[in-house]
Structure formats: C-alpha cells, structure tokens
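Read off the chains here:
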Amino acid sequence: MKFRTIALLAAISIGGIIASQAQGFVFGTDKAPTEAAAPAGVRNAKVETAQRLLTRLGLLREAPTGLLTPATQEAIRIFSSRNGLAPSTQVTDTLLNAIRRVIWTTQNWSSGNYKGREKLVDAAGLREAQLLLGKLGFNAGPLDGTFGPQTQVATEAFQESQAVTVDGLITATVLMNLRRAVNGVGAKAKGTVRLLNWPDYIEPSVLQDFEKETGVRVIYDIFAGNDDLVNKLGAGGTPYDVVFPTANAVPAMAAKGLLGKLDKASLKNLGNIDPRVDATLRSWDKDGAYSLPYMWYTVGIAWNTKLTPKGMTMDTLVNVFDPEMARRFQSCGVGVVDSASDVVPLAAMAGGVAKWDSKKSLAAAAKVLDGINGVVKIIPTDQFIDALAKGQICLAIGFSGDAVQAQTKGRGTVEYRVPSDGGLLAIDAMAVPANAKNKREAHLFIDYILRPQVIAKISNTVGYANANLKAGEFMSDSVKSNPAVVPSTAALSRSSPIPILSEQDQQEIARIWARFAK
C-alpha cells in the first residue's frame, strides 16, 4: 500500500534535532529546558525504551530491564559518537528522539517496515488510529493519515501501556486494540484476559462482544511462530492467559512447564467439539489435558489458474519438489511458504518417506530441497497471499487458510488442494499458560469461543475450518463448501498429522532450511 510522502523527510539530518510541525517530527525544540538524565541503578521507562531501540539498531545485546547498565551506557556512547551527538552515556529525550530518527531513516519505515503477517493499515485506518491514540492521551501528531515518527512513538507508548509486543506499527491488530481501548469496558472491567494469538487470526467483533457480555477486558497480542510463542512465554513480564500454539508444539511446551492443565469441568460448551478433530488433536496432546482445538487446516498446494497450463494435473507435490517439473514453472514463479516445520516434512514425503522418521525423513528432505535450490523460492508468510492472488507466483506449497484468502483477493483465480501424493493436517489449539494470572477469565474466554455462533464468525473471517459440530449453520456457504477449507474425506485420508518434532529435529530442520534459503 502507498503512503503520502512526508515533505520534510529528505531534510532530516540523522544527527540533528529539527523542530517541525510536520507529522512525526514534533519532538520539541533546540531550546528545550535542561533535561534530567535517568538515574543509574533505578528502573526507568525511558531507559527501557532506549534499550529496546538500541537493540533494534544492533548496538545492545541484553534484554531491556529499565536499568542503566554498563552495556547500555556503552551502546549510548557508540550511538552518540556515530551520529554527531554530544558525548554522553545517559538517556535523555534528545537521545531518544535521535534514535527514533535514525530508525525511521535507516529501516525504511515510510514504505511499510513490518514483520509477521500483518501489514500497515491504509491512510483511513492510520487517521482513525491517530484519532484514537489522541483520545487515549497519546499524541500521534496531525490527523493526516500518514505514518511518521510521532505516530510511531505514540503507538509504542500505547503498546507499552498494554504490555504487549512493542514495534510502533499501526497494523490491523493495533487498530483493533485501539478501538476496544476507547470503546470497550475500560476502567469498568470486572477482570482481564490476556490473549496471545497468530496474526490476523480472529474476528474483531468476537472480542468486542465478549467484553460487552462479560465485562472482562481483552488484551490481545500476537506472535510470529511457535518459537516466538515459546520465547514470549519464557521471557517473563506480564503473563498471558490464553495462547494458540500449533498442536504439535504442545507436548514440548507442556514438558517445559509452559502450559497448565485445563479445567475442563468449568467449560459448559465442551460438548460442541467434533470428536474426530479432538481425536486428531490427541495425536499430539495425548490425554487432551493441555489443549482444545481452535482451527484446523491442511498444508498443500495452491496455484493461479490464469498462469498454469490448462488440463495439467496441478495437485501433486511432484510439481514443486521434482527439479525437472519445478523448472516448468520457474518463469512464472514456484515457491514454498517460509515455514520450515511444515515444508520439510512434505519434502520428506516427496522424497519417499511417508511417515516421519527423524533420521530418514531429514535425509530425504535435505536431498529433495538441495535438488530444487535456486529453482523454488521461499515466500515470506506475510507475502504469500498477495503473491499468489496477484500472479507474482503461479504455484506454491502453503496453508489452506492463506489459499482461501488468496482466492478472495484473486477473484477466483486461485485453487488449492491437498496433494494427491500426500499433505499435512494441522490444528491450532487453545491452551492456558502455567503462569496465567487470570485463569477464571481464561476459561471463560475459551468457553465463549466454543459457542457455535462465535467460532463460525471467526471461520468466516479467517478462512480456516473449526472443530465445532454445530457451527455449520452459522458459517457462510462460500466458506463451508470450499474444498480448500473443508477437504473431502478422501483428501483428508491423504493428510498425515504434522509430526511432533524433537529439539534435535528442529535444529536439523533449521540447518537444512538455512542451506535451502541461500
């Protein structure tokens, strides 16, 4: 998406402090009063912000603590020296503003510097976010719908106030959180539940309706992958109450003490779960003690019908994983989604090892991926949908739900199937962390999600199948009748549950993937 150019951006001197009324640059003037530096040995919010920003620049390698440590002071000294500031080892507003300017100018924020699957919202969304930030007391600058440093700073302050992931970006999730912060239960809340989910994996009205009905405030955060989820749960800070791991990650998380057992007796809607999906979930969570199904999906093959040969059989792994076949699609683009834990097992299947066997599967996958290196692209997860819908790639291995969203954007030009020679079946689960502080509210939220009308809303939005026996009557026909969402029985019979990967498996997969990515 495009953003209007900020007129004074070209005039910024990285080391200089410029007073301006243009969006994003209202940081004070050169005539600001003398600033008090943050005291050493005392936890300070400015110091924590500086540490986070210095880490982003690669100048600091310790976790933000809010304490002015020797490593932090050395990072400040290096930054000041490199950027023409007066020598200092203290955190001041001038230093923070200068760091933000450097990040803005060097990390390409103005063209949409984002991570994960979310993208910056459009100009109308930005203007709304600026308005909402102002209502909450965070000055985002002029309500002009442009994304500049002042909006970034205000967004970071809002994210810090919510104790969620701080990146300063106005994304769909941030806008959703701002709307509820202004219009939700707020100070009248009877409790709080903190959620940690995948990006773009909820229907916003579900959170609003839950707050309205229960009086429980929802704090909503996102993670990029299961590794990121594990890191967030183990990082300390404010605990989360409900998380959404992929089910094959549940055993390792439980073994590490990151998950607590569910109080299923408190869940009135437990009977709505499809026993077939629940049985599949137990391929990973053996006793079903730690998790319940949220959404389920397949990993298979998608293609753009306008770019691929008519009459050719497309739903086979051979088209991607066989070098000679893959070269036939190289000119229009053939790829795999950037998810090693999904693609490597499929590559092993294509290499002749149908059921996961660590040593044999890893060797087979490595051989297959080495054979297509340089022919088949790795497609970042946040680009997969648009690349397929817009014809930037014509054939790809990816997730069924993403393919459904690409179908919508591509207006019928995208097809998806479970491969005829085998695919993967996966479930994203709901679980409660062992250190959750709001377990009653966590179970209240999970029970709410188990209502058929509620989970149907989510499926209609995200394009993934749910595990609720009674949700079908509330789902749109275009979703529930789509074979990309709900494959046929025959297709499901060709889908193997995504394997449980040991730490050694994960390390070897990371090594294989790094070689493939070169």
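See the structure printed just above.
Residues numbered from 1 in each chain as written. Predicted model: local features only at pLDDT ≥ 70, side-chain atom pairs only at ≥ 80, totals over all residues. Heavy atoms only, no water.

On to the pattern of salt bridges, then. All told, the structure shown has 16 salt bridges when counted by the stated rule. Here E74 makes a salt bridge to R77, at a shortest N to O gap of 2.7 Å. Remark: R77 and E74 occur in helix α2 (residues 70–82); sequence separation between them is three residues, near one turn of the helix. When the shortest N-O distance is used, the salt bridge between D209 and K457 registers 3.0 Å. (Salt bridge = Lys/Arg side-chain N within 4 Å of Asp/Glu carboxyl O. Helix = DSSP H or I, 4+ residues; strand = E, 2+ residues; numbered from the N terminus.)

This part is about the layout of surface pockets. Roughly 1,000 Å³ of volume is contained in the second largest pocket. The wall of the second largest pocket is formed by 36 residues, among which G225, N226, D227, S339 and S341 lie closest to the centre. Among the elements of the structure, α8 (226–234), α9 (250–255), α13 (340–350) and α21 (503–517) are those that each provide at least two residues to the lining of the second largest pocket. Top contributing element to the lining of the second largest pocket by residue count: α21, with six residues. Counted by class, the lining of the second largest pocket contains 17 nonpolar, eleven polar and eight charged residues. (1 Å grid on protein atoms, 1.4 Å probe; cavity = no way out; pocket = protein on both sides within 12 Å on 5 of 7 lines; lining within 4 Å. Points joined across faces, edges and corners; volume = space filled by probe spheres on them. Nonpolar A, V, L, I, M, F, W, Y, C, P; charged D, E, K, R; others polar.)

What follows concerns helix α7 (residues 204–214). All of the buried residues in α7 are S205, V206, L207, F210, E211 and T214. Against α6 (172–183), β1 (191–197), β2 (216–222), α17 (439–449) and α18 (452–462) lie the buried residues of α7. A positive phi of about 75° marks G215, the residue just after α7. (Buried < 20%, exposed > 50% of the residue type's maximum accessible area, 1.4 Å probe, protein only. Contact = heavy atoms within 4.5 Å.)

Quick look at the nonpolar core now. Core analysis: the biggest nonpolar cluster contains 120 residues, and Y294 and F321 have the highest contact counts within it. Here the element with the most residues in this core is strand β5 (residues 292–304); it accounts for nine residues. Apart from the residues lying within four places of it in its own chain, the contact partners of Y294 are N197, Y201, I202, F244, D428, A429, M430, I449, I455, I458, N466 and A467. Core analysis: the second largest hydrophobic core is formed by 18 residues, A50, L60, L85 and V102 among them. (Core = buried A, V, L, I, M, F, W, Y, C linked by side-chain atoms within 4.5 Å.)

To continue, consider the sheet that holds β1. The strand order across the open sheet formed by three strands is β2-β1-β3, and the pairing between neighbours is parallel. Each edge of the sheet is formed by a strand with only one pairing partner; in this case those strands are β2 and β3 (242–243). (Pairing = 2+ DSSP bridges.)

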